[in-house]
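In case you want the letters, here they are:
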Amino acid sequence: MKNLIFALCGLLVFSITTNAQVLEPVKWETSVDKISDTEYDLISTATIDSGWHLYSQTVPDDGPIPTTFLYKANANYELSGSTSEEEGHTVDDPIFQMRIKYFGDKAEFRQRIKILNKELSIVEGEVEYMACDDEKCLPPDYVDLKFNLNASASNAVSFNTNSTETPGILEPVKWSTSVEKISDTEYVLVSTATIDEHWHLYSQTVPDGGPIPTTFDYKIAEGLELVGKTVEEKGITVKDKVFDMEVKYFENKASFRQHIKLSDTAIKNVTAEVGFMACDDEKCLTPSYLDLDFDLTKSVAAKQGVDSGLEKEDKGSKEGLWTIFILGLGAGFIALFTPCVFPLIPMTVSFFTKQSKSKAAGIKNAIVYGLCIIVIYVILGTGVVAIFGASAINEFSTSVAFNLIFFAILMIFAISFLGAFEIMLPNSWANKIDRKADSGGYTGIFFMALALAIVSFSCTGPFVGNIIVLSASEGGLAPMIGMLGFSLALALPFGLFAAFPGWMNSLPKSGGWLNTVKVVLGFLELAFAFKFLSNADLVSQWHILEREVFIAIWVAIFGAMALYLFGKIQLPHDSPLKNISVGRLLLGLLTLSFTVYLIPGLWGAPLNLISAFPPPIDYSESPYGVGNSRGGASTSLSDHGVLPDGGHLLAPHDILAFNDYDKGLAYAKTVGKPVMIDFTGWACVNCRKMEQNVWVEPRVLEKLKNDVVLISLYVDDKRKLEEDEIVDSKLKPGKKLKYIGQKWSELQTIKYKTNTQPYYVLMDHDENNLNTPVAYTPDADEYYSWLSDGIDKFE
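Residues numbered from 1 in each chain as written. Predicted model: local features only at pLDDT ≥ 70, side-chain atom pairs only at ≥ 80, totals over all residues. Heavy atoms only, no water.

Asks: Sorry, what's going on with the overall build of the protein here?
Replies: Of regular secondary structure, the protein possesses 19 helices and 31 strands. Every one of the 795 residues in the protein was classed for burial, and the buried ones make up 48%. In the protein, 70% of the contacts between residues at least 6 apart in sequence involve partners at least 24 apart. For the protein, the accessible area works out to roughly 38500 Å², and carbon and sulfur atoms hold 57% of it. (Helix = DSSP H or I, 4+ residues; strand = E, 2+ residues; numbered from the N terminus. Buried < 20%, exposed > 50% of the residue type's maximum accessible area, 1.4 Å probe, protein only. Contact = heavy atoms within 4.5 Å. Areas by Shrake-Rupley, 256 points an atom, 1.4 Å probe, with all protein chains shown as cover.)

Asks: How should the environment of Asp-764 be read in this particular structure?
Replies: Locating Asp-764 in the fold gives a position in the loop between strand 31 (759-763) and helix 19 (780-794). Residue Asp-764 is classed as buried on the basis of its relative accessible area of 17%. Leave out the neighbours within four places in its chain, and Asp-764 touches Leu-665, Leu-770 and Phe-794.

Asks: Explanation requested: the sheet that holds strand 20 (residues 253-262) in the structure shown.
Replies: What links the strands of a sheet is backbone hydrogen bonding, and the strands pair in either a parallel or an antiparallel sense. Read from one edge of the open sheet, five strands run 17-20-14-13-25, paired in mixed fashion. Each edge of the sheet is formed by a strand with only one pairing partner; in this case those strands are strand 17 (224-232) and strand 25 (300-301). In this sheet, strand 14 (residues 186-195) lies alongside strand 13 (residues 173-181) in antiparallel orientation, the contact comprising nine bridges. In the strand pairing of strand 14, Glu-180 is matched with Val-188. (Pairing = 2+ DSSP bridges.)

Asks: Explanation requested: the nonpolar core in the structure shown.
Replies: Where a protein is soluble and globular, its nonpolar side chains tend to be buried together. Phe-407, Phe-523, Phe-530, Trp-554 and Leu-598 are the most contacted members of the largest nonpolar core, which totals 31 residues. If you list the elements that add at least two residues to this core, you get helix 7 (400-417), helix 12 (512-540) and helix 13 (547-565). If we ignore the near neighbours within four places in the chain, the residues touching Trp-554 are Ala-527, Phe-530, Gly-559, Phe-594, Leu-598, Ile-610 and Phe-613. (Core = buried A, V, L, I, M, F, W, Y, C linked by side-chain atoms within 4.5 Å.)

Asks: Quick question: what am I supposed to make of a negative patch on the surface here?
Replies: Taken together, the side chains of Glu-722, Glu-723, Asp-724 and Glu-725 define an acidic patch exposed on the protein surface. Position of Glu-723 relative to the elements: it lies in the loop between strand 29 (709-714) and helix 18 (740-752). On the basis of relative accessibility, which here comes to 69%, the residue Glu-723 falls in the exposed class. (Patch = residues over 30% accessible without salt bridge, like charges linked within 9 Å, V, L, I, M, F, W, Y side chains within 5 Å. Salt bridge = Lys/Arg side-chain N within 4 Å of Asp/Glu carboxyl O. Lys, Arg positive; Asp, Glu negative; His and termini not counted. Charge placed at Lys NZ, Arg CZ, Asp CG, Glu CD.)

Asks: What is the right way to look at unusual backbone geometry in this model?
Replies: If a residue is not glycine, its phi is most likely negative; likewise, a peptide bond is most likely trans. For Asp-105, which is not glycine, the phi dihedral falls at a positive 70 degrees. Note on placement: Asp-105 falls in the loop between strand 7 (98-104) and strand 8 (106-115). Note on Asp-105: relative accessible area 56%, which makes it exposed.

Asks: So what exactly am I meant to see when it comes to the pairing of strand 20 here?
Replies: For a regular strand, the rule is simple: side chains alternate between the two faces of the sheet. Burial within strand 20 is extensive, with eight of its ten residues counted as buried. Direction of pairing for strand 14 relative to strand 20: antiparallel, over a ladder of nine bridges. Bridge assignment links Val-190 to a residue of strand 20, and that residue is Arg-257. Bridge count between strand 17 and strand 20: six bridges; the pairing is antiparallel. Bridging across to strand 20, Glu-225 finds its partner in Lys-261.

Asks: Explain the pattern of salt bridges here, please?
Replies: Going through the model one piece at a time under the given rule, you end up with 15 salt bridges. Here Arg-112 ties to Asp-41 by a salt bridge, and the two come within 2.4 Å at their closest N and O atoms. One end of the pair, Arg-112, is in strand 8; the other, Asp-41, is in strand 2 (residues 39-48), with 71 residues separating them in the sequence. For Glu-124, the salt bridge goes to Lys-72, with nearest N and O atoms at 3.6 Å. With Glu-124 in strand 9 (residues 122-129) and Lys-72 in the loop between strand 4 (68-71) and strand 5 (77-85), this residue pair connects regions lying 52 residues apart in the sequence. Residue classification places Glu-124 among the partly exposed residues on the basis of a relative accessible area of 33%. Residue classification places Lys-72 among the exposed positions, given a relative accessible area of 54%. Beyond isolated ion pairs, a larger network of salt bridges with shared partners links Asp-33, Asp-41, Glu-108, Arg-110 and Arg-112.

Asks: Would you mind showing me how to read the packing of helix 17 (residues 698-706) against helix 19 here?
Replies: When two helices pack together, their arrangement is given by the angle between the helix axes and by the axis-to-axis distance. Viewed as axis vectors pointing N to C, helix 17 and helix 19 meet at an angle of 30 degrees, and their least axial separation amounts to 9 Å. Taken as axis vectors, helix 17 and helix 19 run roughly parallel relative to one another. Our pair here, helix 17 against helix 19, has a crossing hand that is left-handed. Contacts from Arg-699, Val-700, Lys-703 and Leu-704 in helix 17 reach Ala-780, Asp-781, Tyr-783, Tyr-784, Leu-787, Ser-788 and Ile-791 in helix 19. Across the contact of helix 17 with helix 19, the residue classes break down as seven nonpolar, one polar and three charged. (Axes fitted to C-alpha atoms, helices over the stretch in contact; angles between N-to-C directions. Parallel < 35°, antiparallel > 145°, perpendicular 65-115°, else oblique. Left-handed = near helix turned anticlockwise from the far one by under 90°. Nonpolar A, V, L, I, M, F, W, Y, C, P; charged D, E, K, R; others polar.)

Asks: Is there a simple way to think about the sheet that holds strand 11 (residues 141-148) in this case?
Replies: One open sheet holds the three strands; their spatial order is 4-9-11, and the pairing between them is antiparallel. Looking at which strands have only one partner, the edges of the open sheet turn out to be strand 4 and strand 11. Put simply, the sheet's adjacent strands are angled 25 degrees from each other on average, direction ignored. Strand direction decides the pairing type here: strand 4 and strand 9, joined by four bridges, are antiparallel. Bridge pairing in strand 9 places Tyr-71 opposite Gly-125.

Asks: In this structure, what is going on with helix 15 (residues 661-671)? I would like to understand it.
Replies: Along an α-helix, residues three or four apart share an orientation, since each turn contains 3.6 residues. Within the span of helix 15, buried status applies to Tyr-661, Gly-664, Leu-665, Tyr-667 and Ala-668. Seen along its axis, helix 15 keeps its buried residues to an arc of 160 degrees; they face one direction. Of the residues in helix 15, the exposed ones pointing more than 90 degrees away from the buried face are Asp-662 and Thr-670. For helix 15, the side-chain oxygen to backbone nitrogen distance between the N-cap and Asp-662 is 3.1 Å, and the N-cap itself is Asp-660. The positive-phi residue at the C-terminal boundary of helix 15 is Gly-672, with phi of around 70 degrees. (Arc of directions from axis to C-beta. Polar contact = N/O pair within 3.5 Å; in protein donor to acceptor, adjacent residues only side chain to side chain.)

Asks: Help me understand the packing of aromatic side chains in this model?
Replies: By convention here, two paired aromatic rings are described through the distance between centres and the angle between planes. Taken as a whole, this structure holds 29 aromatic pairs when the rule is applied. An angle of 75 degrees between the planes, with centres 5.5 Å apart, marks the rings of Phe-103 and Phe-109 as edge-to-face. Residue Phe-103 shares its accessibility class with Phe-109, and that shared class is buried. One residue, Arg-584, lies across the ring of Tyr-564, its end atom 5.0 Å from the ring centre. Over the aromatic face of Tyr-784 sits the side chain of Arg-699, whose NZ or CZ is 4.3 Å from the ring centroid. (Phe/Tyr/Trp six-rings, centres within 6.5 Å; stacked < 30°, edge-to-face > 60°. Lys NZ or Arg CZ within 6 Å of the ring centre and 35° of its normal.)

Asks: Explain helix 7 here, please?
Replies: The end-to-end C-alpha distance of helix 7 is 26 Å, a good match for the 26 Å that 18 residues give at a rise of 1.5 Å each. Considered for burial, the residues of helix 7 that qualify are Phe-402, Asn-403, Phe-406, Phe-407, Leu-410, Met-411, Phe-413, Ala-414, Ser-416 and Phe-417. Where helix 7 terminates, the next one or two residues include Gly-419, which has phi positive at roughly 110 degrees. (Expected span 1.5 Å × (residues − 1).)

Asks: What am I meant to see in the confidence of the model for the protein here?
Replies: Atom-level detail of predicted coordinates should not be read off regions where pLDDT is low. On average, residues of the protein carry a pLDDT of 77, and 75% of them reach 70 or more. Note that residues 390-395 has pLDDT below 50 and, in this model, 16 contacts with residues that lie over four places away or in other chains. (pLDDT = per-residue confidence, 0-100.)

Asks: Teacher, can you tell me more about the environment of Ile-655 here?
Replies: Within the fold, Ile-655 resides in strand 27 (residues 655-658). Between the C-alpha atom of Ile-655 and that of Trp-695, which follows or precedes it by 40 residues, the distance is 10.0 Å.

Asks: Hey, could you run me through a nonpolar patch on the surface in this one?
Replies: A contiguous nonpolar patch, built from Val-582, Leu-585, Leu-586, Leu-589, Leu-592 and Val-596 and spanning about 520 Å² of accessible area, is present on the exposed surface. Tracing the backbone through its elements, the reader meets Leu-592 in helix 14 (residues 582-598).

Asks: Before we go on, may I ask you to explain the environment of Val-761 in this structure?
Replies: As for its position among the elements, Val-761 is in strand 31. Judged by relative accessible area, which is 0%, Val-761 ranks as buried. A sequence separation of 50 residues divides Val-761 from Ile-711, and the C-alpha atoms of the two residues are 9.8 Å apart.

Structure follows, in structure tokens:
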């Protein structure tokens, strides 16, 4: 029932998005009543709008949020007793289905204090409360209180809930935390987002090039371990027409649950930071970063049947593990047809069937051999988990270093598969294992399996590496499960062919086709390697592997693969080729068709079949493709024909733009043009709409190229600030600005009193506005008029 009530609260709360006013049904003021020279009553008075009510300090469990007072600790006074309240009204609440005490019209709360230092003049406090009417409840709010001991009771100080807020700064998502206790050492940290009507919050997982995902960064103290990933609710998945991808988001309310385990029960508090972006149908807000605090001492028992969301986690985890298992199984079956493995199958099976005393003994030994293969590879997966830790593996997958390392690893594997060199473990290892294998019995069989793993490493190593890379995104036990699938596929033939030796007659003979399989896999490894480099490039915003470059590399790789399959390219280990088989011809035609499909991507085609692989369209030299066919060809360079310091040509229109405020302003002063600040974001939907639909209009484009200096400030830029640029946030005392995007976001919020994008400002060289800034303006004529007005005023 409590969850239902809060869901309704989130659905009905704050109609500010439709009627442009902030609901403030409760106003607070303070006064002081002097009892004696050493005793005072701190009086907090709530004035409540008609039709609304404020709840008591004491409400039943699972009821509404109670009114709570917190007085700032000070050595100059001490509290005498608890905060008292008036009689109020106690009724049977039909919504909460319980007797609840509340106040209407007005309520007074008193706290007696004893003065220990007569010089004390100010006492500070905070009140937390929730207001409801007969239709809706507002989210819990907090108001700072200040009591002046030198003032009489008649000199009341008023505290307006939103007195420091500006109507242009929207906060459609409110966060709260709670803790559910599973046992003395296991808890679930619950982060709940209450989302205003018409707004939505994105999932933790969105495709590349999509909106900013919700992220949780938990501060891991010694003695605390994260179990699995942060679990989210089902949400809503829709086809986003702008991003051209399936995107998952939440409306009204969303809960995120993180299972933790304590080895140190002295830990009583866990802190975290949530990063998120909220959007409605017209705009997206600046990415926000909020601190979360979880008090383990105030945990509630996890309810039976919901188990704090862990059932959902288990279900999602199982689905992910099944995927890894199937991928591992498929990789194992492909590895069977490599030159290092395939010829060993008939040799090994023949050994067991002919050297054993009976057919049954041969089958048993072959099965034991297969089981030993499984054990060896699963031990390898277990070692990865043991060395790095289950939670750390997933963290690696999102880091720049991880992606660069595996780009290098896959490049080495690919070049090896193409025949440049063989990746082999030391021969001494194989020799020692062979001698152990001669000992006979089950021990000998185990070392025979180990010898297979070592001898075939030059072919199986890349598969093992790829499985570990893919399983890193799943985390947990995924490396073990991936290795189980891979080794099961390797082991199956030995048991099956030992039981049914006649089947071996149907196997194709070893030959040059085995090397062809290996080379084709090398080309695929080479292509996939650049996906990891692209991930690192996107996160770091290096712009060394933009969309056109990535697609060009893939065209070259798959074009070369087609030529190889047609026999036009010969590699070091290939056998002489007089003709090609029908299967090889068909595979070559398929590869050639794929290569032709890729080519229009250089001119802006979306390439939906592979949309998850290349960088997004906006991360390119020109979103409209090589040659900038829609953006025009002229450029806005300096008088010397070179780009000024900090300037670049903004695709798709070749507008001279700056991403640094100071450098852009300095250049504007040099050339004598007004400045246009473009507060934007990489994941800003309406920003892309403006650039693709409005800026492309010839009249508008001419103004942007020739009459203004454009400064584009990306509020979601996740690149870290230099050490000397890290400063304290002016909006959130106690927090540091860590990212470039936070710097621009705070500039927009403080100077222009808004946090939505896009947001355009025309200003002169003294940083004064030339006209009223505008936000999303899809009407090109209206936008042109705004531009012309500001430019004319500058002139």
